[in-house]
Amino acid sequence: MTASIVLAWSVVRTLLVATVAVSTAQLVLHRGIPADRPLLRRILPAALLVPLTIPELIVGFSWRYPAQFLTHSPAATEILYAGVLLIRSCAVALLVFLMMPQSAVTPESLHSWALLPDRTVRHRMTALRLNLTGPWRAFAVAWCLTALVSFQDFETAALIQIDRHPVAWTAWLFDAHAGGQQPSETLKRLAGPLTVQMALLIPAVLLIATVPERETESPAIRQTGERHLVCAVAACLFALTGLALTGLWPLAVMVPEAIRGLPLILRDGWGLAASQMATLGFSAAAAATALSAAFLLKRHGRLLWVILLLLPGLTGSLAVSLGLLRLFQLPGLRILWDTWLPLLLGQSLLMLPRAWVLLQILDRLVPVESLHSARLLKTDARFVPQARRLLWRLQELGWLAAVALLCHWCLWDVTTASILRPVSVEPVVTRLYREMHFSRTESLSALTLITMLMPAAAAGAGIAVRMLADRCGRWMPASGTPSSRSEAVG
Amino acid sequence: MRTRHTVTAGVVMTVAGLAAIVIPHLLKDSERLVLYCAHDSLLADEVIRRFEQETGIRVDVRYDEEASKSLGLVRLLLAEKDAPRADVFWNNQLLGTLRLREAGVLHPYRGVGWKRMPDRFRDPDGFWVGFAARCRVWLVHTDHMPATQEAVAAALQQPRLDRCAIAEPLFGTTLSHYCILAEHMGLDELKRWHRSLVERGIRLVRGNSASRDLVVRGICDLAFTDTDDAFAAVDAGAPVAMLPVRLENGRTLCLPNSIAIVAGCRRLQAAQKFVDFVLSESTEVQLARGVGRQIPLGPVDDHLLPPEVIEMKQWAEQAVRVSDAAAFYDPVIEWLTAERTGP
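Residues numbered from 1 in each chain as written. Chains lettered and ligands numbered in written order. Predicted model: local features only at pLDDT ≥ 70, side-chain atom pairs only at ≥ 80, totals over all residues.

1. Some points on the overall build of chain B
Then comes step 1: From N to C terminus, chain B includes 14 helices and 10 strands.
Then comes step 2: In chain B, which comprises 343 residues, the proportion classed as buried is 50%.
Then comes step 3: A fraction of 75% describes how many contacts in chain B between residues 6 or more apart in sequence connect residues 24 or more apart. (Helix = DSSP H or I, 4+ residues; strand = E, 2+ residues; numbered from the N terminus. Buried ≥ 20, exposed ≤ 12 C-beta atoms within 10 Å, placed from the backbone. Contact = placed C-beta atoms within 7 Å.)

2. Overview of the overall build of chain A
Then comes step 1: Within chain A, the secondary structure is distributed over 23 helices and zero strands.
Then comes step 2: The 490 residues of chain A split such that 43% are buried.
Then comes step 3: Taking contacts inside chain A between residues at least 6 apart in sequence as the whole, the part at least 24 apart equals 83%.

3. Concerning the environment of B:Gln269
Then comes step 1: Mapped onto the fold, B:Gln269 is located in helix H11 (residues 268-278).
Then comes step 2: The spacing of B:Gln269 and B:Ala338 is 69 residues in sequence and 43 Å in space, taken between C-alpha atoms.

4. Let's talk about the pairing of strand S6 (residues 164-167) of chain B
All names here are of chain B.
Then comes step 1: Burial along S6 is two-sided: the residues Cys-164 and Ile-166 and Ala-165 and Ala-167 are all buried.
Then comes step 2: Where S6 lies against strand S8 (residues 222-226), two bridges are found, and the strand directions are parallel. Of the residues in S8, the one forming a bridge with Cys-164 is Leu-222.
Then comes step 3: Examined bridge by bridge, S6 and strand S7 (residues 203-205) share three bridges and lie parallel to one another. Residue Ala-165 lies in a different strand from S7, and its bridge partner there is Arg-203. (Pairing = 2+ DSSP bridges.)

5. Focus: unusual backbone geometry
Residue and element names in this part refer to chain B.
Then comes step 1: The phi angle at Ala-132 is positive, at roughly 35°, despite the residue not being glycine.
Then comes step 2: With respect to the secondary-structure elements, Ala-132 resides in strand S5 (residues 129-141).
Then comes step 3: Unlike most non-glycine residues, Arg-293 shows phi in positive territory, near 45°.
Then comes step 4: Along the polypeptide, Arg-293 turns up in the loop between helix H12 (281-289) and helix H13 (307-317).

6. Notes on the pairing of strand S9 (residues 240-244) of chain B
Residues and elements named next belong to chain B.
Then comes step 1: Of the two faces of S9, only one is covered, namely that formed by Val-240, Met-242 and Pro-244; the face formed by Ala-241 and Leu-243 stays uncovered.
Then comes step 2: Two strands pair when backbone bridges link them, and S5 and S9 are joined in this way by five bridges, in the antiparallel orientation. Looking across to S9, one finds that Leu-139 is bridged to Met-242.

7. Concerning the confidence of the model for chain A
Residue and element names in this part refer to chain A.
Then comes step 1: The share of residues in chain A with pLDDT of 70 or more is 89%, and the mean pLDDT across the chain is 79.
Then comes step 2: For chain A, the element scoring lowest by mean pLDDT is helix H23 (residues 482-489), at 39; helix H8 (residues 137-152) scores highest, at 89.
Then comes step 3: Here residues 220-225 scores under 50 on pLDDT; set against residues more than four positions off or in separate chains, the count is 18 contacts.
Then comes step 4: Across residues 477-490 the pLDDT falls below 50, and counting only partners more than four positions away or on other chains, this stretch makes 18 contacts in the model. (pLDDT = per-residue confidence, 0-100.)

8. Thoughts on the domain arrangement of chain B
Note on interface size: it is often stated as the accessible area lost on association of the parts.
All names here are of chain B.
Then comes step 1: Once the domains are mapped, chain B shows domain 1 (31-133 + 254-314) and domain 2 (135-253 + 330-341).
Then comes step 2: The straight-line distance from the C-alpha centre of domain 1 to that of domain 2 is 26 Å.
Then comes step 3: Taken together, the contact pairs 14 residues of domain 1 with 18 residues of domain 2.
Then comes step 4: Of the residues assigned to the side of domain 1 that touches domain 2, the class counts are nine nonpolar, three polar and two charged. (Domains from an automatic or database assignment. Nonpolar A, V, L, I, M, F, W, Y, C, P; charged D, E, K, R; others polar.)

9. Re the nonpolar core
Then comes step 1: Judged by nonpolar contacts, the single largest core of 234 residues is most densely connected at A:Val96, A:Ala142, A:Leu406, B:Val88 and B:Leu139.
Then comes step 2: The leading source of residues in this core is helix H5 (residues 74-99) of chain A, at 15 residues.
Then comes step 3: If we skip the residues at most four places from it in the chain, A:Leu406 touches A:Ala287, A:Ala290, A:Leu291, A:Met351, A:Arg354 and A:Ala355. (Core = buried A, V, L, I, M, F, W, Y, C linked by C-beta atoms within 7 Å.)

10. A closer look at the domain arrangement of chain A
Residue and element names in this part refer to chain A.
Then comes step 1: Here the domain parsing of chain A yields domain 1 (1-253) and domain 2 (268-490).
Then comes step 2: Facing the 23 residues of domain 1 at the interface are 22 residues of domain 2.
Then comes step 3: Those elements that place two or more of their residues in the side of domain 1 that touches domain 2 are helix H3 (56-62), H8, helix H10 (169-178), helix H11 (183-189) and helix H12 (191-209).
Then comes step 4: Ranked by residue count, the leading element in the side of domain 1 that touches domain 2 is H12, at six residues.
Then comes step 5: For the side of domain 1 that touches domain 2, the class distribution of residues is 16 nonpolar, five polar and two charged.

11. A look at the packing of helix H17 (residues 341-365) of chain A against helix H19 (residues 384-411) of chain A
Residues and elements named next belong to chain A.
Then comes step 1: Look at H17 against H19: their axes get within 10 Å of each other, and the N-to-C directions meet at 150°. Here H17 lies roughly antiparallel to H19, going by the angle between them. Considering the relative orientation of H17 and H19, their crossing is right-handed. Contacts from Gln-347, Met-351, Arg-354, Ala-355, Leu-358, Leu-362 and Leu-365 in H17 reach Gly-398, Ala-402, Leu-405, Leu-406, Trp-409 and Cys-410 in H19.
Then comes step 2: Tallied by class, residues from the contact of H17 with H19 come to 10 nonpolar, two polar and one charged. (Axes fitted to C-alpha atoms, helices over the stretch in contact; angles between N-to-C directions. Parallel < 35°, antiparallel > 145°, perpendicular 65-115°, else oblique. Left-handed = near helix turned anticlockwise from the far one by under 90°.)

12. Thoughts on the environment of A:Phe238
Residue and element names in this part refer to chain A.
Then comes step 1: Structurally, Phe-238 is set in helix H13 (residues 229-266).
Then comes step 2: For Phe-238, a count of 21 C-beta atoms within 10 Å gives the class buried.
Then comes step 3: Discounting chain neighbours no more than four positions away, the residues touching Phe-238 are Thr-24 and Val-28.

13. Thoughts on the packing of H8(A) against H12(A)
Residues and elements named next belong to chain A.
Then comes step 1: Packing of H8 against H12 brings their axes to within 9 Å, and their N-to-C directions diverge by 150°. Crossing geometry of H8 relative to H12 is assigned as left-handed. For the pair H8 and H12, contact is made by Arg-137, Ala-140, Val-141, Cys-144, Leu-145, Ala-147, Leu-148 and Phe-151 and by Val-196, Gln-197, Leu-200, Leu-201, Pro-203, Ala-204, Leu-207 and Ile-208, respectively.
Then comes step 2: Classifying every residue of the contact of H8 with H12 by side-chain character gives 14 nonpolar, one polar and one charged.

14. Looking at helix H14 (residues 329-341) of chain B
Residues and elements named next belong to chain B.
Then comes step 1: For H14, spanning 13 residues, the distance from its first C-alpha to its last is 18 Å, which sits close to the expected 18 Å at 1.5 Å a residue.
Then comes step 2: Within H14, burial applies to Tyr-329, Val-332, Ile-333, Leu-336 and Thr-341. Looking straight down H14, one finds its buried side chains confined to an arc of 140°; they lie on one side. (Expected span 1.5 Å × (residues − 1). Arc of directions from axis to C-beta.)

15. Observations regarding the confidence of the model for chain B
Then comes step 1: Predicted confidence across chain B gives a mean pLDDT of 88, with 89% of residues reaching 70 or more.
Then comes step 2: Within the model, the stretch residues 67-71 of chain B combines pLDDT values under 50 with 17 contacts to residues more than four positions away or in other chains.

This is the structure we're talking about:
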């Protein structure tokens, strides 16, 4: 099968999955969530977003055996794979719809423009621009990002054997590389997929850039308030299917074994704890680096810089890892090869686009007025503890959650870890990947469960420490000084 | 002013972070042996820990991930050729090691371990030594068909092979299997045979454990796999049996582990100690008594071996010489890669 056929197959799948996912997400938000059911309005979107937090490795391993039953039916295998992709893509689309502000271009203004007698190309281009920066913006951004996520999938494709008929370009390219293809040839063959990804990424970034800073309007998709029972039921069913495919099924496979395996792995208590802590610490460092870089980029970066720096991460883990492998074999950089630096750099680059998106979300979630008020409050020595608590809730908690989520994604990134890690310490995920191959399921399931819970547990510990510090702070003198006041106001 | 402070703090933190990463690396214990190991970590770990206890030399291990997924230690060693970080390479088969020998990545050593192995399982110049082997076997679901060579031969003659599985031949021991077949029957005949299997619908899966699982779950009646994967199914109580894969001349396919010292390594003495340790009788017995039942290739006391390993020793004695197939390594990979990725 040639590169162009594989690419065409992947592109067609991506187009279909992205279109269905965006339409479904829009339908769920627009029609499926009854306005008079506040509980459902909270639970349904949250349920649809769950698949984003389940590591692809876990999903792939859970569906590995069921996929074996389908090895003789390319259509059934394709449907299973597209279904898993669709659930994840739908979650991405939903996330975009929830964070994108509503269009500032009203339907009335678009209608007025359409009524103008002018029919020149310029007139039509302006109409297109108005639509793209107006009512079509959320849909277009969601479609582009959804397609990008779907197109880049690697772990799931490799694990449920989407490598021949049907085929995914990522698994195909990796097999060609592992089978002996020269790295330069692999990087050359990345040109096609890279072009596709750029074609998806650039419009998305340009459209996001048209969103005014600190948009305060409500989300682009409003609940209509009308009751659409069929749509609501369909939305619930879709959310449940997504949860079942990517959350409940993996948990059902894993948890009973994990409980039985817990005593087995606790025997290796210290070794396991050291390995877990090293992995967690390193993932947290990569997550914090990515988030800090995204923050600087968002604050000071121009659009060109944003695109240039987000691009490597958007090419996927294989391309990033192979590129860095070659880079650190250059004479001047070889000394750094067996350190944590290549892996830190690789994971930070990989996480940078996600960190950038998370910052956009955090910005949308916190009302700017509240944040400003809390900062002003901090300048008054009498209210410093209260201001700190407010700032913690409004800002720092979100940052902590973002670091925890990025850390979770770093922790489960097998490709980068297996290619770029130093010899002396093995990340938990490569050990899991290797040993899952040999079916030591009970202790492995326990280890998997612990690894999955670690970032959340660390974030929980962080929250507890912060709350404790807050409580202690109540009994301590306030520390607001004139100089800090002026800085906080600034 | 505030921005300047932020940038300065950022630069200071970055420099401090980089220093924290690089300095420990520069100061780290230079006596720690670095081992690249493609063998199953669950089995190799026991050998390595015993070596550490007996010699006091600490070992940092870099294991391979599943063949179809990892970049591959052979490729990594080739990439690091000019500045190797590994001292010893423990491969779970032989052909990749032969490729490294041709590329000048290995260092010769003819120690006591080399001396105890038969000629056909070692390099005459000491660039590599084979030990603790596996055999290629048919895994048969005994509820679905009799576990006999005749029944397997009859099953392979069927017009449809959708109840038969084989791992992707571009990777792992199946690649070695194909190279041996190419050497035995010629590359063109191998291509015809492979095409016939594919056209009749044989299930091509990712790895020997996956082909084993298809039989264990009753999706397939028989599959090509290795003895260590097959024993995992037998030990789990699955209704399966194994038969050695034989060539037309009756020879079996026995694939040894291989061990070699990396050229330009920084801890040559420790590397030599480790190689001799791994090639010792005690290690071969340990691996034979492990879950993988690796077949000892050097002289060992049979009383120390499980009965099934003693039976497999006969298979190993009837085996073809794997290193003779090395000439077909590149042509077979080239053909299989072209099959998958096009010209």
